[in-house]
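Tertiary structure, described
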Amino acid sequence: MCGIVGLYLKNPALEQHLGTMLADMLVQMTDRGPDSAGVAIYHDPVDAKSVKITLQGPDDVDWIAIESKLVEGLGQHVSVTPLANHAVMIAGASDAAQSDDIAGWIESNLDNVKITSLGSAIEIFKEKGLPDQVIKKFKIRNMHGTHALGHTRMATESAVTTEHSHPFSTGRDLCLVHNGSLSNHNQWRDRLRSEGIRFQTDNDSEVAAGYLTWRLGQGATLNQALENAIKDLDGFYTFAVGTRDGFAVLRDPIACKPAVLAETDDWVAMSSEYRAIAQLPNSENARIWEPDPARIYSWEREVK
Amino acid sequence: MREFDLQNAEVRLLNQALHGSDLAGQSIEVVNPGGKHNVAAGAQFETQVDIRGHVGYYCAGMNQNARITVHGNAGPGLAENMMSGSVTVKGNASQYCGATAHGGLLIVEGDAAARCGISMKGVDIVVGGSIGHMSAFMAQSGRLVICGDAGESLGDSIYEARIYLRGEPTSLGTDCIEKPMETEHIEELKDLLNKAGIKHDPAEFKRYGSARKLYNFQVDNVGAY
């Protein structure tokens, strides 16, 4: 069992409250999973010539030293904004290949530092512990943004560590949270590795994120990638997926994992249970429904 | 009239009150349910319980005698194993509502999701809208009335429960077949629709039930074991 929440704002006036709104939702899902919790938040996109990377280090990490190493190693100005044992770094990168080079340099040269997200707007913070602890540690309530996903985990398929926590991101600005268990993830991990997708863990949900990254990389739209996922991924799942400008929800055809969607003029919310949605302003007037099995629900803002 | 405000009071306080006889014969208002679990579970006496809002998992489970109305939507496992009394949902119900229920009347005025009436054992269920896949799976007895459509595999491995469907099933499950509507069935259905307060012409419904081909071992299948 796990608890997942997603919130996509339609009314820009609410963007300053995104962190608080998502935190209130995630705390309600605490008893669906006590092992670890995490949040992916989309805000403050960097310009087309830069890349934003969330780094995660050990509790005693020295971000100032890391910043110096990055500046020296990458040979350019890099900004590193620490947030507990995570930090958001922004570096110059004119294209995807250059972003990948930077990620590759970090993976090869910085011991004990892992990348939780890479893109222009996404940031991912995740840790062992209860949602409330994780929310406080990373000051999620103070965060603004356009959309966000959250997860609280009760592990069934792989170990309880920070690396195994959700959300998982395996591609630019893409992340996924999952309630359920996949049965053919080992096979797909092998295949996706041979296609060049990088994985950090043996977790089944990371494979689902990698699968979407692979399909999107081949030119599929998010909806097309999810349609293929219904055919290729075997198991139980409710997925919530975030992209730079959008948000999608998908349940497997058997649909034994719960999900509720709600929409008002101001926001779209998904959650494992209505309890989380009840925390949102004006939820009593929301249109509320249970997503159909094997049907893709997606929202995307117009890219300016 | 007693009121329980679940914003302040634990669900357990409400349920303990419903387990005892002190409130028998009374009306109970439950406000601010906020999607909480197990609201009004295990009620034992003739009370009228009105829940003003949406509830989470296992609302009205194991109900005996009480008349419980949810003025909102219900999460998974509504009225699971109900014994008697009635449960009404003004909105929609999530998956496996009325599962294993032995008696009483469950009314979902909106839609019910997957596995509605799974393994029902004598309950009557009336759904004003449509129901999801695998509904009435292994349903043993009781009646399931659906005024809309039914999802895949309706009545798979059904025993002696009766299904009345006004719309169309996406597919019928193994051993579930359409059966003729005799006068007895029209009368039975009319009575159920009346009790549920839902107006439809019983002649618009089709009846489904067990072909009874799974009841005995078929020697042709011996190779499968």
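Keep in mind that what you see is a predicted model, and the values were worked out from it rather than measured. In this convention, every chain numbers its residues from 1, walking through the sequence in written order. Starting at A for chains and at 1 for ligands, labels are handed out in the order in which the entities are written. Selection of residues for local features in this predicted model requires a pLDDT of at least 70, selection of side-chain atom pairs for listing and counting requires 80 or more, and totals for whole chains, interfaces and linings are taken over all residues. No hydrogens and no water enter the side-chain calculation; it runs on all heavy atoms of the structure.

Before going further, it helps to examine the overall build of chain A. Note on conventions: DSSP H or I runs of at least 4 residues are helices, E runs of at least 2 residues are strands, and numbering of each starts at the N terminus. Per the secondary structure count, chain A includes 8 helices and 16 strands. Each radius of gyration is computed over the set of C-alpha atoms, and the globule rule expresses the reference value as 2.2 Å times the number of residues to the power 0.38. Here the C-alpha radius of gyration of chain A, 18 Å, is about what a compact globule of 304 residues would show, namely 19 Å. Along the three orthogonal principal directions, the C-alpha set of chain A runs to about 55 × 40 × 40 Å. Looking at chain A as a whole, 58% of its 304 residues are labelled buried. Throughout, exposure labels follow a simple rule: accessible area from a 1.4 Å probe, protein chains only, divided by the maximum for the residue type, with under 20% read as buried, over 50% as exposed, and the rest as partly exposed.

This next bit is on helix H6 (residues 204-217) of chain A. Residues and elements named next belong to chain A. The end-to-end C-alpha distance of H6 is 20 Å, a good match for the 20 Å that 14 residues give at a rise of 1.5 Å each. All buried positions along H6 are accounted for by Asp204, Ser205, Glu206, Val207, Ala208, Ala209, Gly210, Tyr211, Leu212, Thr213, Trp214 and Arg215. Under this definition, polar contacts are N or O atom pairs within 3.5 Å; protein pairs additionally need one hydrogen-donor-capable and one acceptor-capable atom, and for neighbouring residues in sequence, both atoms have to be side-chain atoms. Looking at where H6 begins, the residue whose side-chain oxygen comes 2.6 Å from the main-chain nitrogen of Ser205 is Asn203. One or two residues past the end of H6 sits Gly219, with phi positive at roughly 105°. Expected span of a helix, by definition, is 1.5 Å for each gap between consecutive residues, and there is one gap fewer than residues.

Let us now look at the sheet that holds strand E7 (residues 122-128) of chain A. Residues and elements named next belong to chain A. Across the sheet, 7 strands lie side by side as E7-E2-E8-E1-E14-E13-E15; this open sheet has antiparallel pairing. Single-partner strands in this sheet number two, and they are E7 and strand E15 (287-289). Strand-to-strand twist of the sheet, defined as the mean angle between neighbouring strand axes without regard to direction, takes the value 10°. When DSSP finds two or more bridges between two strands, those strands count as paired. Each axis is a line fitted through C-alpha atoms, taken for helices only over the stretch in contact, and angles between the N-to-C directions span 0 to 180 degrees.

On to the pattern of salt bridges, then. Pairing between side chains becomes possible if they bear opposite charge and their charged atoms approach one another. By convention in these notes, a salt bridge is any Lys or Arg side-chain nitrogen within 4 Å of a carboxyl oxygen on Asp or Glu. Across all of its chains, the model carries 26 salt bridges over all chains by this definition. The network of salt bridges with shared partners includes Asp124, Arg143, Arg162, Glu184 and Glu188 of chain B.

Each partner contributes residues to the interface: chain B has 12 residues there, and chain A has 14 residues. Across the chain B to chain A interface the summed buried area is about 960 Å²; carbon plus sulfur atoms make up 48%. Using a 1.4 Å probe, buried area is obtained as the accessible area two parts lose upon being combined, added over both of them. If you sort the residues of chain B by the area they bury against chain A, His54, Tyr57 and His133 of chain B come out on top, with a joint share of 36%. Joining chain B to chain A, the criterion identifies 0 salt bridges. There are 8 residue pairs in polar contact (both at pLDDT 80 or more) connecting chain B and chain A. Basically, the charged four are Asp, Glu, Lys and Arg, the nonpolar ten are Ala, Val, Leu, Ile, Met, Phe, Trp, Tyr, Cys and Pro, and anything else, Gly included, counts as polar. Class assignment for the residues of the side of chain B that touches chain A results in 2 nonpolar, 8 polar and 2 charged. Any two residues whose heavy atoms approach within 4.5 Å at even a single point are treated as in contact.

Further remarks concern the nonpolar core. Residues Val39, Ile51, Ile68, Leu78, Leu106 and Ile131 of chain B are the most contacted members of the largest nonpolar core, which totals 50 residues. Looking at this core element by element, the count peaks at 4 residues for helix H1 (residues 11-19) of chain B. Here Ile51 of chain B is in contact with Val30, Pro33, Val39, Ala40, Cys59, Ile68, Thr69, Val70 and His71 of chain B, once residues within four sequence places are set aside. Nonpolar cores are built from buried Ala, Val, Leu, Ile, Met, Phe, Trp, Tyr and Cys residues. Side-chain atoms within 4.5 Å join them into one set. Grouped together as the second largest cluster of nonpolar side chains are 32 residues, Val39, Ile135, Met143 and Ile288 of chain A included.

Okay, the pairing of strand E13 (residues 260-263) of chain A next. Residues and elements named next belong to chain A. Burial along E13 is two-sided: the residues Val260 and Ala262 and Leu261 and Glu263 are all buried. Bridging between E13 and strand E14 (residues 267-271) involves 4 bridges; their strand directions are antiparallel. By the bridge assignment, Leu261 is partnered in E14 with Met270. If you look at the hairpin formed by E13 and E14, you'll find 3 residues sitting between the two strands.

Another aspect to go through is the sheet that holds strand E9 (residues 162-165) of chain B. Residue and element names in this part refer to chain B. The strand order across the open sheet formed by 11 strands is E1-E2-E3-E4-E5-E6-E7-E8-E9-E11-E10, and the pairing between neighbours is mixed. Either end of the sheet is taken by a strand with one partner, and the two such strands are strand E1 (2-5) and strand E10 (176-179). The average undirected angle you get between the axes of adjacent strands in this sheet is 15°. On the sheet, helix H2 (residues 183-196) packs against strand E6 (105-108), strand E7 (121-127), strand E8 (141-146), E9 and strand E11 (206-210) and is oriented at approximately 75° with respect to E9.

Residue and element names in this part refer to chain B. Like charges are joined within 9 Å and nonpolar side chains (Val, Leu, Ile, Met, Phe, Trp, Tyr) within 5 Å, but only among residues with over 30% relative accessible area and no salt bridge; these make up the patches. With residues, only the protein chains shown are counted as cover, and all accessible areas are computed by Shrake-Rupley using a 1.4 Å probe. Among the surface-exposed residues, Met138, Tyr159, Leu214 and Tyr215 lie close enough to one another that they form a single nonpolar patch of about 350 Å² accessible area. With respect to the helices and strands, the residue Tyr215 is situated in the segment after E11. You can call Tyr215 partly exposed: its relative accessible area is 36%.

This next bit is on the packing of H6 of chain A against helix H7 (residues 222-232) of chain A. All names here are of chain A. The N-to-C vectors of H6 and H7 enclose an angle of 130°; their axes lie 9 Å apart at closest approach. As judged from the angle between their axes, H6 and H7 are oblique. Once H6 is placed against H7, the crossing between them reads as right-handed. For the pair H6 and H7, the contacting residues are Tyr211, Leu212, Arg215 and Leu216 in the first and Leu222, Ala225, Leu226, Asn228, Ala229 and Asp232 in the second. Here the contact of H6 with H7 is composed, by residue class, of 7 nonpolar, 1 polar and 2 charged. Oblique is the label for every angle not falling under 35 degrees (roughly parallel), over 145 degrees (roughly antiparallel), or within 65 to 115 degrees (roughly perpendicular). Crossings are classed by handedness, with left-handed meaning an anticlockwise turn of the near helix from the far one by less than a right angle and right-handed meaning a clockwise turn.

Attention now goes to the environment of Tyr237 of chain A. Residues and elements named next belong to chain A. Mapped onto the fold, Tyr237 is located in strand E11 (residues 235-242). Counting along the chain gives 58 residues from Tyr237 to Asn179, while the straight-line C-alpha distance between them is 5.5 Å. Apart from the residues lying within four places of it in its own chain, the contact partners of Tyr237 are His178, Asn179, Gly180, Leu182, Ala229, Ile230, Leu250, Arg251, Asp252, Pro253 and Lys257.

With that settled, consider the side chain of His164 of chain A. Residues and elements named next belong to chain A. Here His164 lies in the loop between strand E8 (147-153) and strand E9 (168-171). Among the residues examined, His164 registers a relative accessible area of 10% and is labelled buried. Excluding its chain neighbours within four sequence positions, the residues that come into contact with His164 are Arg153, Ser158, Ala159, Thr201, Asp202 and Asn203.

Okay, the domain arrangement of chain A next. Residues and elements named next belong to chain A. Here chain A is described as being made up of domain 1 (2-44 + 126-300) and domain 2 (46-120). The gap between the C-alpha centroids of domain 1 and domain 2 is 24 Å. Contacts between the two partners involve 16 residues from domain 1, matched on the other side by 22 residues from domain 2. Counting each side, the surface lost to burial between domain 1 and domain 2 is near 1500 Å², with a carbon and sulfur contribution of 43%. Scanning the region where domain 1 abuts domain 2 turns up 2 salt bridges. Its salt-bridge partner being Lys137, residue Asp59 comes within 3.3 Å of it at the nearest N-O pair. The domain boundaries here were taken from an automatic or database domain assignment.

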